[in-house]
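So you can see what is in the structure, the chains are spelled out below.
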Amino acid sequence: MKATKFFFKTYKEIPKEAQTPSHILMHRAGMIQKLASGIYSYLPLALRSLKKIEKIIREELDKRGCQEVLMPAVQPAELWEESKRWKYYGPELLRFKDRKESDYCFGPTHEEVVTDMARKILTSYKQLPLNLYQIQTKFRDEIRPRFGLMRGREFIMKDAYSFDINEEEAKNSYKLMYDAYNAIFTRMNLKFKPVDAATGAIGGDMSHEFQVLAETGEDEILSCNKCSYCANIEKALSGNELKKADAAKKKELSEVSTPNIKTIDELSAFLKIDPSMLIKTIIYLVDDKPVVVLLRGNEEANEAKIQAFLGANSIAPANDTIVKSITKSEVGFAGPVGLDPNVLVIADKHVFEDTDYVCGANKTDYHFKGFDPERDFKPSQIADITFAKKGDKCPKCNDGILEEYRGIEVGQVFYLGTKYSSLMNCNFLDSDGKEQTAVMGCYGIGVSRTMAASIEQNHDDNGIIWPVAIAPFEVAVIPVQLNSEIVVETSEKIYNELLASGIDVFMDDRNERAGFKFNDADLIGFPVQIICGSRLIENGKVEVKIRKTNEKKEIDIINITAAVKELLLLL
Ligand code: ATP
Ligand code: MG
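For every chain, the first residue of the written sequence is number 1, and numbering continues from 1 along that sequence. Chains carry letters from A onward and ligands carry numbers from 1 onward, assigned in written order. Totals for whole chains, interfaces and linings use all residues, but because this is a predicted model, local features are given only for residues with pLDDT of at least 70 and pairs of side-chain atoms are given and counted only at 80 or more. Just so you know, side-chain values use all the structure's heavy atoms and leave hydrogens and water out.

A. Up close: the environment of Y284. Here a strand is any run of E in DSSP of at least two residues, a helix any run of H or I of at least four, and the numbering for each starts at the N terminus. Checked against the element boundaries, Y284 lands in strand β14 (residues 279-286). Per-residue accessibility, obtained with a 1.4 Å probe over protein chains only, is compared with the maximum for each type, and a residue is labelled buried under 20%, exposed over 50%, and partly exposed between these values. Owing to a relative accessible area of 3%, Y284 belongs among the buried residues under this scheme. Residues are treated as being in contact if the distance between any of their heavy atoms lies within 4.5 Å. Setting aside residues no more than four positions away along its own chain, Y284 makes contact with K289, P290, V291, V293, A301, E303, I306, I315, A316, P317 and A318. By the criterion applied in these results, polar contacts are pairs of N or O atoms within 3.5 Å in which, for protein atoms, one can donate a hydrogen and the other can accept it, and in which residues neighboring in sequence qualify only through two side-chain atoms. A distance of 3.1 Å separates the side chain of Y284 from the side chain of E303, its partner in a polar contact.

Structure follows, in structure tokens:
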């Protein structure tokens, strides 16, 4: 491709909302254009990279027996009623009506459609295992679309779904996809970690995320410095031993006046008590039912753990009306003592490490002091519902210490079990002629996010540093003295020779200053840049620059194709 014919434009300016390197650089390199919040066009440079990512994905999945399909983006509400997600998916689901007033949504994921597709064809165990995938545009009405393609509303996803005869086979399918994902991100030359993950709205009980390590990542990961334990903070466990409460410290439960003192910080300052000695009482709506959650005041509630513990579809803080009806007081005074026994109360296990706490009294402007968790209330359940922290002991080897990393989730694999197949009657006859329910898994890769994540991980002040495998072009030929016939002719020759040898090459034939072309070449991030200039005239050599290391070599034009091929293999 020649620059003079190529649809692209580079920019110096940075849009106000662009805060992360991939957003800034993809804009500046003219790869993407914003159409609306979280909705972008992919220009040819971006699409070339996306297609390479897609090709790697297709090759690794096809090789493992997955079959490509293409499902509709628009999905009827009835299917989502069957899985009960029409009710629980929440405002991220873009819903609309057609002219007949029938309800539809734009697919954020395709468990319902693929289960429907499979149940229409599956009859026998002989048709399993089955793994169907597609690469398609998804829409999620994200509350805060940001960072360009990293968190868009419209984005490209590869989603795959496996169907098996039983749990064991389904776990094999899961493992196969886990291996495929490792192969895919390794081929893209990204630094990544597979991590234990929470399952959220998709459901199921086993899951791993593939996290590209980058400082700008939105996810926090805890990883053992001695063993292979690695988990998203939403799921990570702490190996620290629980302390035992000191019975000698026990006090009487008594009321204390706390006029208008509502938050943990206010209470801590007012009573001069460390937040760890306060009990935080939070009321959630979990699948539309109120659930009271208790934690020590220095801990945060881990909503993903609460959701997973209760096997729930949705979780959100309850509104003031519900809080008031449960506590019979103003918001800010909720506590564990004297609650209606029919309300589910989940206490974090750390609450039982001590006694003589301060907690809300379920009475406006009052708290209790001397609260003893063993004596003064009965939780419905005790669970681990807080966050593990860096520096905690590893829960797996009990020897190492957890270290913290930031990551970008580029893919996730889920073992679903029969969550969707049983609700949607996706059944088959086993070898004894008995009806069984298919056991499923689902597997996503954010294709557009992966492109952005690769830039987050690989860039410098001058621009993008592409891994060769997913670079829009592998090589740029940059003639810098267009008034010299020999430069023009030789660069044309090199360009054609590289093209003929199957290299993905770009030629900057624009009539621009050398510095301008060099800046664009670094910004767009061509991994290998061949500069044809004065040395060509002097000694028949071109300068070859490696974008990643900034290393420059002089290479004789006679050897150029072989030399470039060799370099590309190394990068
Ligand atoms: P996140 O936690 O980042 O919101 P998710 O866990 O909801 O993502 P999945 O349902 O696991 O996402 O979707 C599969 C993949 O699709 C993710 O691993 C991610 O790479 C990609 N993805 C999800 N949401 C977005 C988005 N808003 N923009 C771009 N890619 C996305
Ligand atoms: Mg995910």
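Don't stop here, the text continues.
B. Expanded view of the site of ligand 1. By convention in this text, a residue qualifies as near a molecule or strand provided that one of its non-hydrogen atoms is within 4 Å of it. Inspection of the region around ligand 1 gives 14 residues, with R140, E142, R151, G152 and E409 positioned closest. Between an oxygen atom of ligand 1 and a side-chain N or O atom of E409, the distance comes to 2.5 Å. Note that an oxygen atom of ligand 1 is positioned 3.2 Å from one of the backbone N or O atoms of G446. Each accessible area is a Shrake-Rupley result for a 1.4 Å probe, and residues are judged covered by the shown protein chains and nothing else. For ligand 1, whose free accessible area comes to 580 Å², the fraction covered by protein is 86%. For the shell around ligand 1, the element with the highest residue contribution is strand β21 (residues 402-417), accounting for 4 residues.

C. Geometry of the pairing of strand β29 (residues 528-532). Most of β29 is tucked away, with 5 of its 5 residues classed as buried. Judged by which residues are buried, β29 turns out to be covered on both faces: V528, I530 and C532 on one side and Q529 and I531 on the other are all buried. Pairing between strands requires that DSSP locate at least two bridges from one strand to the other. The pairing of strand β27 (residues 475-479) with β29 spans 5 bridges and is parallel. Directly across from A476, in β29, lies its bridge partner Q529. Where β29 lies against strand β30 (residues 541-546), 4 bridges are found, and the strand directions are antiparallel. In the sheet register, I531 faces β30, and the bridge partner there is E543.

D. Broad picture of the environment of A438. By the element assignment, A438 lies in the loop between β23 (435-437) and β24 (439-446). With sequence-adjacent residues up to four places away left out, A438 is seen in contact with F163, D164, G417, T418, S421, C426 and F428.

E. Quick peek at the domain arrangement of the chain. Per the domain assignment, the segments of the chain are domain 1 (3-237 + 403-456), domain 2 (247-383) and domain 3 (473-570). Each of domain 1 and domain 2 has a C-alpha centre, and the two are 37 Å apart. Contact residues are listed per partner, giving 11 residues for domain 1 and 8 residues for domain 2. We define buried area as the total accessible area lost by two parts upon association, computed with a 1.4 Å probe and summed across both. Taking both sides of the interface into account, the surface hidden between domain 1 and domain 2 amounts to around 710 Å²; carbon and sulfur atoms contribute 47%. It is Y88, G200 and E234 that lose the most area in domain 1 upon contact with domain 2, and together they represent 58% of the buried surface on that side. We define a salt bridge as a contact between a side-chain nitrogen of Lys or Arg and a carboxyl oxygen of Asp or Glu at a distance within 4 Å. At the boundary of domain 1 and domain 2, one finds 1 salt bridge. Delimitation of the domains relies on an automatic or database domain assignment.

F. Representation of the nonpolar core. By nonpolar core is meant a set of buried Ala, Val, Leu, Ile, Met, Phe, Trp, Tyr and Cys residues that side-chain atoms within 4.5 Å join together. Counting 62 residues, the largest nonpolar core has M31, Y181, F185, M188 and M451 as its most contacted members. Shared between two domains, this core takes at least three residues from each, and those domains are domain 1 (3-237 + 403-456) and domain 3 (473-570). Excluding its chain neighbours within four sequence positions, the residues that come into contact with F185 are L190, F192, F210, V410, G411, I445 and T450. Listed in part, the 27 residues of the second largest apolar core include C105, V113, A118 and Y420.

G. Structural context of the sheet that holds strand β15 (residues 289-296). Read from one edge to the other, the open sheet built from 5 strands follows the order β16-β14-β15-β17-β20, with strand pairing classed as mixed. Bordering the open sheet on either side are β16 (315-317) and β20 (381-383), each of which pairs with just one other strand. Averaged over all pairs of adjacent strands, the angle between strand axes in this sheet comes to 35°, irrespective of strand direction. Alignment of β14 against β15, held across 8 bridges, turns out to be antiparallel. When the bridges of β15 are listed, T281 appears paired with L294. Lines fitted to C-alpha atoms define the axes here, with helix axes fitted over just the stretch in contact, and angles between the N-to-C directions of these axes take values from 0 to 180 degrees.

H. Examining the sheet that holds β29 more closely. Here 5 strands make up an open sheet; going across it, the order is β28-β27-β29-β30-β31 and the pairing mixed. Looking at the sheet topology across the chains shown, the edges are occupied by β28 (505-507) and β31 (552-556). Averaged over all pairs of adjacent strands, the angle between strand axes in this sheet comes to 25°, irrespective of strand direction. One ladder, built from 5 bridges, connects β30 with β31; its direction is antiparallel. The residue of β31 that forms the bridge with K541 is D556.

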